[in-house]
Amino acid sequence: MKLPSLVLALCAAMSVHAHAQVPIVIKFSHVVAPDTPKGQAAERFKQLAERATRGRVRVDLYPNSQLYKDREELEALQLGAVQMLAPSLAKFGPLGVKEFEAFDLPYIFPSKTALYNVTEGVIGKGLLKKLEPKGITGLAYWDNGFKVMSANRPLRLPADFKGLKMRIQSSKVLDAQMRALGANPQVLAFSEVYQALQTGVVDGTENPPSNMYTQKMHEVQRHLTVSNHGYLGYAVIVNKKFWDGLPADVRAALEGAMKEATTFEKASAQRDNDQALEAIRKSGKTDIYTLSVKEQAEWRRALAPVQKSMEGRIGKELIDAINRESAK
């Protein structure tokens, strides 16, 4: 009678051991290519997280909108269909956290130093806290750098935008920005932009060079202006219920992995954008123009009213606080 009992006990032990080895799966979805700064940082986080947790966590990456497009991914996170995203900061406006649209304001960050004064300080942490009532925990800010403008005609002065259909993310600020330049803003998912440019549904767009190059937009845009008029950044976020339910030691290991991946991401973003701009230049498909000091001053004058017009939406106090930090 003892032998069956022993066999049952061994089977039970093996079952418990097998169950213990089943990893916690983090589905990390994003909309850009694997070789962009975001894509590379997601891969680095996967490696660091799986190593730090000794296999207790498995991170499955889904780049290039494989699972969800722009408008779908935040809802998927809130529902728990995915656990982690790195959406652009503009996407939190439609979610109801309009303060994040401050990052879209043209020329609000004169440098990366000014930007990091905001994202790594009290303002940045406070903004991430505002996501918690939406069932979202913010872990980090990732960079994609300053944006260029592109179209099938030269864009040197604000008047050159008149009548152009310009693709934007869903953002009231970006809508106001394009209208201030005389363009007609068109909201499109990132995954649809190349085809829209190719077929003439839109005439142009704005992006950091790495996004433009990896999505091959330069193949269907004859002109690019290095304007550095706006910033594109991301927030790495997780489903709050999932995150809070993790064992404390696992959560701590993942926080460490995210911190290291963030340092890597920021270091690589500028390099990748510089290399992408040079690759676009070498392709011969797109003429690249850098604004002169005088031309950039004209762009700044044309876009200055956007900041004032958005005070009621974003909050005058927040905009003033960002301007103070940016001036340090």
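Conventions used here
- Residues numbered from 1 in each chain as written.
- Predicted model: local features only at pLDDT ≥ 70, side-chain atom pairs only at ≥ 80, totals over all residues.
- Heavy atoms only, no water.
- Helix = DSSP H or I, 4+ residues; strand = E, 2+ residues; numbered from the N terminus.
- Buried < 20%, exposed > 50% of the residue type's maximum accessible area, 1.4 Å probe, protein only.
- Contact = heavy atoms within 4.5 Å.
- Areas by Shrake-Rupley, 256 points an atom, 1.4 Å probe, with all protein chains shown as cover.
- Lys, Arg positive; Asp, Glu negative; His and termini not counted.
- Charge placed at Lys NZ, Arg CZ, Asp CG, Glu CD.
- Pairing = 2+ DSSP bridges.
- Axes fitted to C-alpha atoms, helices over the stretch in contact; angles between N-to-C directions.
- Parallel < 35°, antiparallel > 145°, perpendicular 65-115°, else oblique.
- Left-handed = near helix turned anticlockwise from the far one by under 90°.
- Nonpolar A, V, L, I, M, F, W, Y, C, P; charged D, E, K, R; others polar.
- Expected span 1.5 Å × (residues − 1).
- Phe/Tyr/Trp six-rings, centres within 6.5 Å; stacked < 30°, edge-to-face > 60°.
- Lys NZ or Arg CZ within 6 Å of the ring centre and 35° of its normal.

(A) Seen up close, the overall build of the protein chain. Across its full length, the protein chain holds 13 helices and 11 strands. Seen along its three principal axes, the alpha-carbon backbone of the protein chain occupies a region of about 90 × 45 × 30 Å. Counting over 328 residues, the protein chain shows a buried share of 50%. The long-range share in the protein chain, meaning contacts at least 24 apart out of those at least 6 apart in sequence, stands at 75%. Here the protein chain has roughly 15100 Å² of accessible surface; of this, 54% comes from carbon and sulfur atoms. Averaged over its 45 positive side-chain charges, the protein chain has a centre that lies 2 Å from the centre of its 35 negative ones.

(B) Spotlight on the sheet that holds strand β2 (residues 57-62). Strand order in the open sheet formed by 5 strands is β2-β1-β3-β10-β4, with mixed pairing between adjacent strands. Strand pairing shows two members of the sheet lacking a second neighbour, β2 and β4 (136-146), which therefore form its edges. Looking at chain direction, β4 and strand β10 (residues 231-239) are connected through 8 bridges and run antiparallel. The partner of Thr 137 across the bridge, within β10, is Val 238. Set on the sheet, helix α2 (residues 37-52) makes contact with β1 (24-29), β2, β3 (84-85), β4 and β10; between it and β2 the angle comes to about 165°. Packed onto the sheet, helix α5 (residues 122-129) meets β4 and β10 and runs at close to 130° relative to β4.

(C) Inspection of the packing of helix α4 (residues 112-119) against helix α13 (residues 316-326) at higher detail. Taken N-terminus to C-terminus, the directions of α4 and α13 make an angle of 130°; their axes are 8 Å apart at the nearest point. With respect to α13, the element α4 is oriented oblique. At the point where α4 passes α13, the crossing takes the right-handed sense. Residues Ala 114, Asn 117 and Val 118 of α4 form the contact with α13, whose own contacting residues are Ile 322, Glu 325 and Ser 326. Its residues assigned to classes, the contact of α4 with α13 comprises 3 nonpolar, 2 polar and 1 charged.

(D) Expanded view of α2. Its 16 residues give α2 an end-to-end C-alpha distance of 22 Å, which sits within 8% of 22 Å, the value for a rise of 1.5 Å per residue. Every buried residue belonging to α2 is among Pro 37, Lys 38, Gly 39, Ala 41, Ala 42, Phe 45, Leu 48 and Ala 49, and all of these are buried. Looking one or two residues beyond α2, the residue adopting positive phi is Arg 54, at roughly 50°.

(E) Focus on the packing of aromatic side chains. For the structure shown, the criterion picks out 9 aromatic pairs. Between Phe 28 and Phe 45 the ring centres are 6.4 Å apart and the planes differ by 75°, which places this aromatic pair in the edge-to-face class. In this pair, Phe 28 sits in strand β1 while Phe 45 sits in helix α2, placing the two residues 17 residues apart along the sequence. Here the aromatic residues Phe 92, Phe 100, Phe 103, Phe 109, Tyr 141, Phe 146 and Tyr 231 are joined through ring pairs into a cluster of three or more. The ring of Phe 264 has Arg 44 lying over it, and the distance from NZ or CZ to the ring centre is 4.0 Å. Note that Arg 156 overlies the ring of Tyr 289, its terminal NZ or CZ placed 4.0 Å from the centroid.

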